[in-house]
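# Working through the structure, step by step
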Amino acid sequence: MEPSRVEIVLVRPSRPANVAAAARAMKNMGLRTLWLVEPKPGLDDPAARALAYGAWDVLDAAQRAASLEAAVAASGAVVGTTALALEGAWSPRRLASEAAALVGGRSLSLVFGPEATGLTGAERALCHVLVRIPADPEQPSLNLAQAVLLLAYELRLAFLAGRAPAPDPEPEPRASAGDVEQALGELREGLLEIGYLDAQNPDRILAELRGLVTRAQPTPREVLLLRGLARQVAWAGRVARGRAGTG
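Presented here is an overview of the structure given in this document. Source: prediction; values computed, not measured.

This part is about the nonpolar core. One finds Ile8, Leu10, Leu34, Leu95, Phe112 and Val148 to be the most contacted residues of the largest nonpolar core, which totals 40 residues. The contacts of Phe112, once residues within four sequence positions are left out, are Ile8, Val9, Leu10, Val11, Thr81, Leu119, Leu144, Ala147, Val148 and Leu151. Counting residues in hydrophobic clusters, the runner-up holds 15 residues, among them Trp35, Val37, Val72 and Val78.

What follows is the structure, given as C-alpha cells:
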C-alpha cells in the first residue's frame, strides 16, 4: 500500500530519544505521519533530537492525541503490535501483503505500546489485527525504533515489489474506526436494555462482537444500519420494561 496512507502511533513512549529514533526509522522507509499518545516531555532536547537525524520534519510534525481511540478514529484499519504469543497474531510479512485490502482505501494505523509493558488489554481490543515480530525467545526484546523499522521495512518491500493488492479505482469505502466504536457503544446500550449482556461484565461478549464487526469491514452505510438497529433494540427493551419514551 502507499506509504502516505500508513500512520505510526506511539502510545505512552517511555523516552523522547526513542520517539526521535522511531521518526528516523519511519523516514528511512518513506513514512511521514506520526501520532503520539500521552508522550513524555523532552522532545525538544538536543540529545534526543540528534537521534532523529534527517527526520526532524517527521518529529516536528507529529500529532498529539489524548487517547489511542482519538489517534486512530479516522483510520480504516488499526493494527497493534505485541510481544505476546497470542493466537491469531499476524506476522509482519502477512500484514505487508494484506494491508491494502485491509484498509479499504483509508489509512492504516500501526500502533506501538510502551516499551516495557506494551499495549493494555483494552488498547489491544481496539485493534482490528495484532502483529507479532517473531524474535528469538532468548532475546525477544526490541527497542521501539527497531520494531518500527522492521514493520515499515516489510510494508516498503511489498509496496516496491507490487505485492500488495492494488485497490479498485474507486474502492468501496470502509467506515472509520471511530464510527465503528460509536456504533458498538450504542449496540452495547441496546443489548444491556434487553438483558442480552451481563450488566456486571458486558465487555466480555462485546469484545467478541467487536471482532465480528471489524472482520466484516463495514461501510459507512452499514454502520448507520447497525446504529439504527441498536437504537431499535434499546427502545424495545424500554418498552418491555415499561419505560418507553425514556432514556
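Read across the open sheet, the six strands follow the order E3-E2-E1-E5-E4-E6; overall the sheet is parallel. Two strands bound the open sheet, and with one partner strand each, they are strand E3 (63–65) and strand E6 (129–131). The mean angle between the axes of side-by-side strands here comes to 25 degrees, regardless of whether they run parallel or antiparallel. Relative to strand E5 (residues 108–112), strand E1 (residues 6–11) runs parallel, the two being bridged by five bridges. By the bridge assignment, Leu10 is partnered in E5 with Phe112.

Next up on the list: the environment of Ser176. With respect to the helices and strands, Ser176 occurs in the loop between helix H7 (144–161) and helix H8 (177–193). Sequence separation of Ser176 and Leu59 is 117 residues, and the distance between their C-alpha atoms is 25 Å. Ignoring sequence-local partners within four residues, the contact set of Ser176 consists of Ala73, Ala74, Ser75 and Arg106. Only 3.3 Å separates the side chain of Ser176 from the backbone oxygen of Ala73, close enough to count as a polar contact.

For Leu151, the location among the structural elements is in helix H7. C-alpha separation for the pair Leu151 and Ala199, spaced 48 residues apart in sequence, amounts to 40 Å.

Another point: the packing of H8 against helix H10 (residues 220–240). Put simply, H8 and H10 touch, their axes get as near as 7 Å, and they point 20 degrees apart. One finds that H8 runs roughly parallel with respect to H10. In this structure, H8 crosses over H10, and the sense of that crossing is left-handed. Contact residues: Asp179, Val180, Gln182, Ala183, Glu186, Leu187, Gly190, Leu191 and Glu193 in H8; Val223, Leu226, Arg227, Ala230, Arg231, Val233, Ala234, Gly237 and Arg238 in H10.

Where helix H1 (residues 16–28) contacts H7, the two axes come as close as 8 Å, and the packing angle between them is 15 degrees. The angle between the axes of H1 and H7 places the two elements in the roughly parallel class. Crossing geometry of H1 relative to H7 is assigned as right-handed. Within the contact between the two elements, H1 uses Asn18, Ala21, Ala22, Ala25, Met26 and Asn28 and H7 uses Leu144, Ala145, Val148 and Leu149. Residues of the contact of H1 with H7, tallied by class, amount to eight nonpolar, two polar and no charged.

Turning our attention to the pairing of E5. E5 sits mainly inside the fold: five of its five residues count as buried. Covered by surrounding structure in E5 are Leu108, Leu110 and Phe112 together with Ser109 and Val111, the residues of both alternating faces. Sheet topology note: the strand E4 (residues 77–81)/E5 ladder contains four bridges and is parallel. Following the sheet pairing, Val79 is matched in E5 by Leu110. Taking the sense of rotation as the criterion, the β-α-β connection linking E4, helix H5 (residues 92–103) and E5 turns out right-handed.

Moving on, we come to the side chain of Ser107. Within the element layout of this structure, Ser107 appears in the loop between H5 and E5. The buried category is assigned to Ser107, whose relative accessible area is 14%. Polar side-chain contacts of Ser107 include one of 3.4 Å to the side chain of Ser75. In contact with Ser107, other than residues within four places in its own chain, are Arg5, Glu7, Ala74, Ser75, Gly76 and Ala77.

Turning to the packing of aromatic side chains, a few remarks are in order. Throughout the structure, instances matching the rule amount to one aromatic pair. Aromatic side chains Tyr53 and Trp56 sit 5.4 Å apart centroid to centroid with 75 degrees between the ring planes, which places their arrangement in the edge-to-face category. A relative accessible area of 56% places Tyr53 in the exposed class. For Trp56, a relative accessible area of 33% corresponds to the partly exposed category.

The rules behind the values
Residues numbered from 1 in each chain as written. Predicted model: local features only at pLDDT ≥ 70, side-chain atom pairs only at ≥ 80, totals over all residues. Heavy atoms only, no water. Core = buried A, V, L, I, M, F, W, Y, C linked by side-chain atoms within 4.5 Å. Buried < 20%, exposed > 50% of the residue type's maximum accessible area, 1.4 Å probe, protein only. Contact = heavy atoms within 4.5 Å. Pairing = 2+ DSSP bridges. Helix = DSSP H or I, 4+ residues; strand = E, 2+ residues; numbered from the N terminus. Axes fitted to C-alpha atoms, helices over the stretch in contact; angles between N-to-C directions. Polar contact = N/O pair within 3.5 Å; in protein donor to acceptor, adjacent residues only side chain to side chain. Parallel < 35°, antiparallel > 145°, perpendicular 65-115°, else oblique. Left-handed = near helix turned anticlockwise from the far one by under 90°. Nonpolar A, V, L, I, M, F, W, Y, C, P; charged D, E, K, R; others polar. Right-handed = clockwise from strand over helix to strand, strands pointing away. Phe/Tyr/Trp six-rings, centres within 6.5 Å; stacked < 30°, edge-to-face > 60°.

Function cannot be read off these values alone, since they describe shape.
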